[in-house]
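# Architecture and fold: a report
Next come the chains, spelled out residue by residue.
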Amino acid sequence: MNRIEFREFCLSRPVLLDGATGTELVKQGLPGGVCPELWVLENPQAIINIQSAYQQAGSDIVYIPTFGANRLKLQEFDLADRLEEINTQLCAYSREAVGTDCLIFGDIAPTGELIEPFGPLAFEKCINIYKEQAQALLAGGVNGFVIETMMDIQEARAALIGVREVCPDLPVMVTMTYGEEGRTLTGTDPKTALITLQALGADAVGCNCSAGPEKMVEWVAAMKPYATVPLLAKPNAGQPKLIAGKTVFDMPPAEYAAKFEALIKAGANIVGGCCGSSPAHIAKIKDLAANLTSPAICREKICAVSSVRDTVEFGSNQPFAVIGERINPTGKKSLQAELREGSLNLARKYAIDQAAAGASLLDVNMGLSGIDEHAMMQEAIKMLAPLSSCPLCLDSSNPEVLETALRLYPGRALLNSISAEHERIAKMLPLAAKYGAIFILLPVTDSTVPETLDERKEVTEHILAEAGKYGLGVDDCIIDGLVMTVSSSPEAPRVTLDFIDWCSRELLANTTGGISNVSFGMPERGVLNSGFLGMLIGRGLSSAIINPSAEIMMNIKFSSDALLGRDRKLNTYLQKYTGVVRESTAKADELAPLKRCYNAVIYGEEDDIDRYIAAAISSGERPGDIVDNALIPAIVEVGEKYDRKEYFLPQLMMSAQAMSKGFKALESELSDSSQPAKNKIIMATVKGDIHDIGKNIVTLMLGNYGFEVIDLGKDVDTETILATAVEQEVKLIGLSALMTTTMPEMAKVLEAARIRGLHNIKFMIGGAVVDQEYADEIGAAGYAADAVEAVRIAESLSK
């Protein structure tokens, strides 16, 4: 089944996936602490029994049990050298189980490590890890691929790029896993994940694990208006509970299946079960789905870009989009000097300030003589992607730089730009198609910048015709109006106005332009710029490349949105003109010394904080006051921002790292008497569980709140945990588990502590599969849903 056939299949009727594999394998005898893939390889009848039952229950697609069969996961069990054998043989067992009446999809899942720009694993290395597994699965005879349980949009992108480069023709489904609030670990919401992944080439997008059917109805409904591909939902069968030492999910088949009518009507074309579901659950869903039709896809294209945490949609009914122009060295001597020194500090400040002023996107250009533009663009993306929720407009005259940038950027980028110049159009259109980027269509040719309206129309139609050869159309581009200076050509502004009018009314295209070009060489440039912007918006201009710090330009943007009905209920206008605007960081040296230190933690300015602390000490501030009146209040505010969902994991980690560097800068200045005694805490992922991303984040945060953390790592047995606690005289232990099969290990640790009479030790638990009810059930003193909550609980339990 190719990709076109798969799409038709998904739209013909609701497609039914299988249910859980892990919890069903436990029923077949899978013990804790072993590699599931190896165990299945040695006990093939177990998976054959399970998948045969799913096929008989009505599954159209089963997932091959290769969830942990990537190189990094297999390395945990010293099995990396058997990767190809494990993947191909497991394909064979799935085929034996279901025959040819059911499709088998290779299951690809997280590596267990955070990748750049959020973690240490190199992006290209991650792509190659997934390419290696995809090649083995392809050799095994898969009908397609599923990339599932992804907690980081960048890792999902790496997997999708890897699979697509190995196999461009087979269908690929991608599902993210979301927390209760509807965000992934790194802060991506369902709509934003959809925009990114469907543009990058996913054939179906959705969610799995982490929640039951009711919550997934919300997430599917949020994606549906923006979906150009079928949607998928694979929820858990309720919440896990510990009964008689075993993890049990509490939703029976009939109750579970009854909730799927709402899920399908919300927009899910493909449904199945995750943790706790069984063939009996799937059979009940099959009976229900027989009376339902598969939802239609409402749109073929969407003109939208995305960052890790947000989406910006272009259109006549959307807010006018401001593309911040400041991160561009042209004409900016201070930025040029910093870039030549290899520093991105000023670029960071420009990003923060432009977003605060109302920018929708940030243009990023690293084109400057005397620097490695290729390397600097990569570093800029790594810095900006976690920092700002604004999507990026990637700007370069070098196609190789843009390809690297498009590949690395963890969202759907705006590409600046593609013209009719022969080399440019030949190199850039394939890149826009491969990486799903929206591109700025620049109607210029090798020989001329068209001056008349008819010439601009002709060049635009030529570029659109060429784009069509790659499956790209009007909704995949934003047309540049070619703003020319009025001082050299008095007729130029009128031509641009007429061209924008033609693009918006005849082509139904979105448009943009560099507004300040119109006033070059003229006095009082702001007057001309603002007047022209208002005229262009009246003709249908949907975005502009401007400086968001220019108050008069932003006033026109906000007032136009309000007057043209683009600002729903006038919320943005009212917030803008009645709210409080944050201080500019571009003028950080003008702030009071303690305020500079405070802001450095708030905005994660790791590179600057030691300089600010040194300046504060030189101005007479005492080290203890810097801690008490700047660093500690700042990290508390960061935690509160995280609670309010103004900040997400990337900002949390950046602030924590700045805080850590700040403390190190003060260590030599602080007397021992001024430093409070640190409370000790042990952190460990329990026996049999090799996942430690969440634990590592908690460990980082605890360290920045003054705890002495003894990190025992992952797959830690009960004896090691308790023996260390006794030896180190630790009164607080944090336990983590990500797998339903390892949840009972937490209870074993607590029970062993009680048996040994270690009643003075308190336990805090966390992890995707546990909750407060489970903590109460096993007698843990606290349950932490995230790193910030873990700090609060640890502080409370340490009193």
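Just so it is clear, the model here is predicted, and its values are computed rather than measured. Counting of residues starts from 1 at the beginning of each chain's written sequence and follows it residue by residue. Totals for whole chains, interfaces and linings use every residue, but because this is a predicted model, local features are given only for residues with pLDDT of at least 70 and side-chain atom pairs only at 80 or more, for both listing and counting. Hydrogens are left out, water is left out, and the side-chain values use all remaining heavy atoms of the structure.

The subject of this paragraph is helix α21 (residues 525-539). Helix and strand assignments follow DSSP, with helices taken as H or I runs no shorter than four residues and strands as E runs no shorter than two, numbered in order from the N terminus. Here the expected length of a helix is defined as 1.5 Å per residue gap, with one fewer gap than residues. Its 15 residues place the ends of α21 21 Å apart at the C-alpha level, agreeing with the 21 Å of an ideal helix rising 1.5 Å per residue. With a 1.4 Å probe rolled over the protein chains alone, any residue whose accessible area is under 20% of its type maximum counts as buried; one over 50% counts as exposed, and the rest are partly exposed. For α21, every residue scored as buried is listed here: Asn-529, Ser-530, Phe-532, Leu-533, Leu-536 and Ile-537. Along α21, the residues classed as buried sweep out an arc of 165 degrees about the axis, all on the same side. Structural note: α21 exposes Val-527 and Gly-538 on the side pointing more than 90 degrees away from its buried face. This arc is built from the directions going out from the helix axis to the C-beta atoms.

Moving on to the sheet that holds strand β1 (residues 15-16). In a beta sheet, neighbouring strands pair by backbone hydrogen bonds and run either parallel or antiparallel. Whether two strands pair comes down to DSSP finding at least two bridges between them. Strand order across the open sheet formed by 8 strands is β1-β10-β7-β6-β5-β4-β3-β2, with parallel pairing between neighbours. Each edge of the open sheet is held by one strand with a lone partner, namely β1 and β2 (61-63). Here, two residues are considered to be in contact whenever any of their heavy atoms come within 4.5 Å of each other. Axes, fitted as lines to C-alpha atoms, cover a helix only where it is in contact. Angles between the N-to-C directions of the axes lie from 0 to 180 degrees. Seen against the sheet, helix α1 (residues 3-12) touches β1, β2, β3 (103-108), β5 (172-176), β6 (204-208) and β10 (268-271) and runs at an angle of roughly 100 degrees to β10.

Further remarks concern the environment of Leu-30. Following the sequence through the fold, Leu-30 ends up in the loop between α2 (22-27) and α3 (36-42). A residue is classified by how much of its surface remains accessible, and Leu-30, at 11% relative accessible area, is buried. For the pair Leu-30 and Gly-273, spaced 243 residues apart in sequence, the C-alpha to C-alpha distance is 20 Å. Discounting chain neighbours no more than four positions away, the residues touching Leu-30 are Leu-25, Pro-36 and Trp-39.

This part takes up the nonpolar core. For this analysis, a nonpolar core means a set of buried residues of the types Ala, Val, Leu, Ile, Met, Phe, Trp, Tyr and Cys, connected via side-chain atoms within 4.5 Å. In this structure, Phe-145, Leu-197, Leu-394 and Phe-439 are the most contacted members of the largest nonpolar core, which totals 201 residues. Here Phe-439 is in contact with Leu-414, Leu-415, Ile-418, Leu-429, Ala-432, Ala-467, Leu-472, Asp-476, Cys-477 and Ile-478, once residues within four sequence places are set aside.

Look at helix α20 (residues 492-505) against α21: their axes get within 8 Å of each other, and the N-to-C directions meet at 30 degrees. Viewed along their axes, α20 and α21 adopt a mutual orientation that is roughly parallel. Of the two possible hands of crossing, α20 and α21 adopt the one that is right-handed. Residue-level contacts link Pro-493, Thr-496, Leu-497, Asp-498, Ile-500, Asp-501, Ser-504 and Arg-505 of α20 to Phe-532, Met-535, Leu-536, Gly-538 and Arg-539 of α21. Three classes are used: nonpolar for Ala, Val, Leu, Ile, Met, Phe, Trp, Tyr, Cys and Pro, charged for Asp, Glu, Lys and Arg, and polar for all others, with Gly counted as polar. The residue makeup of the contact of α20 with α21, split by class, is 6 nonpolar, 3 polar and 4 charged. To sort the angles, those under 35 degrees are grouped as roughly parallel, those over 145 as roughly antiparallel, those from 65 to 115 as roughly perpendicular, and the leftovers as oblique. Crossings are assigned a handedness: left-handed for a near helix turned anticlockwise from the far helix by less than a right angle, right-handed for a clockwise turn.

What follows concerns the confidence of the model for the protein chain. Across the protein chain, pLDDT averages 92, with 97% of residues at or above 70. A score between 0 and 100, pLDDT records how confident the predictor is in each residue. Note on residues 580-586: pLDDT under 50 across the span, and 16 contacts to partners over four residues away in sequence or across chains.

Taken together, Leu-570, Tyr-573, Leu-574 and Tyr-577 make up a surface patch of nonpolar side chains, about 350 Å² in accessible area. Within the fold, Leu-570 resides in the loop between α22 (551-563) and α23 (571-578). Classification of Leu-570 as partly exposed rests on a relative accessible area of 38%. Only residues whose relative accessible area exceeds 30% and that take part in no salt bridge are eligible for patches, with like-charged residues grouped when within 9 Å of each other and nonpolar side chains (Val, Leu, Ile, Met, Phe, Trp, Tyr) grouped when within 5 Å. Only the protein chains shown count as cover for residues, and all accessible areas are computed by the Shrake-Rupley method using a 1.4 Å probe. The salt bridge criterion pairs a side-chain nitrogen of Lys or Arg with a carboxyl oxygen of Asp or Glu, the two atoms within 4 Å.

Okay, the pattern of salt bridges next. If you walk through the whole model with that rule in mind, you get 42 salt bridges. Lys-434 is the salt-bridge partner of Glu-165, the closest N and O atoms lying 2.9 Å from each other. Taken together, the positions of Glu-165 in helix α8 (residues 153-166) and Lys-434 in helix α18 (residues 422-435) put the pair 269 residues apart, joining distant regions of the chain. Residue classification places Glu-165 among the partly exposed residues on the basis of a relative accessible area of 28%. Accessibility expressed as a relative area gives 37% for Lys-434, which makes it partly exposed. With a shortest N-O distance of 3.0 Å, Glu-423 and Lys-427 are connected by a salt bridge.

Let's shift gears to the side chain of Lys-695. Mapped onto the secondary structure, Lys-695 falls in helix α28 (residues 693-704). Excluding residues that lie within four positions of it along the chain, Lys-695 makes contacts with Met-683, Ala-684, Thr-685, Asp-711, Gly-713 and Ser-736.

This brings us to the packing of α8 against helix α9 (residues 190-200). Taken N-terminus to C-terminus, the directions of α8 and α9 make an angle of 15 degrees; their axes are 10 Å apart at the nearest point. Relative to α9, α8 is oriented roughly parallel. Along this stretch, α8 crosses α9, giving a crossing that reads as right-handed. Where α8 abuts α9, its residues Ile-153, Ala-156, Arg-157, Leu-160 and Ile-161 lie against Ala-193, Thr-196, Leu-197 and Leu-200.

Another aspect to go through is the environment of Leu-507. Checked against the element boundaries, Leu-507 lands in the loop between α20 and β19 (510-512). For the pair Leu-507 and Val-474, spaced 33 residues apart in the sequence, the C-alpha separation amounts to 7.5 Å. Leaving out residues up to four positions away in the same chain, Leu-507 has contacts with Thr-460, Leu-464, Val-474, Ile-479 and Trp-502.

Over the atoms, a rolled probe matching the size of one water molecule traces out where space is still vacant. Only protein atoms enter the calculation, which uses a 1 Å grid: trapped sets of points that fit a 1.4 Å probe without letting it out are cavities, open sets showing protein on both sides within 12 Å along at least five of seven lines are pockets, and any residue with an atom within 4 Å of a point is a lining residue. Grid points are joined across faces, edges and corners, and a volume is the space filled by probe spheres set on the points. Across all of its chains, the model carries 1 cavity of 30 Å³ or more by this definition. Put simply, the largest cavity is a space of about 50 Å³. In terms of lining residues, the largest cavity is bounded by Pro-110, Glu-113, Leu-114, Ile-115, Met-151, Asp-152, Glu-155, Leu-185 and Ile-693. Split into classes, the residues belonging to the lining of the largest cavity amount to 6 nonpolar, no polar and 3 charged.

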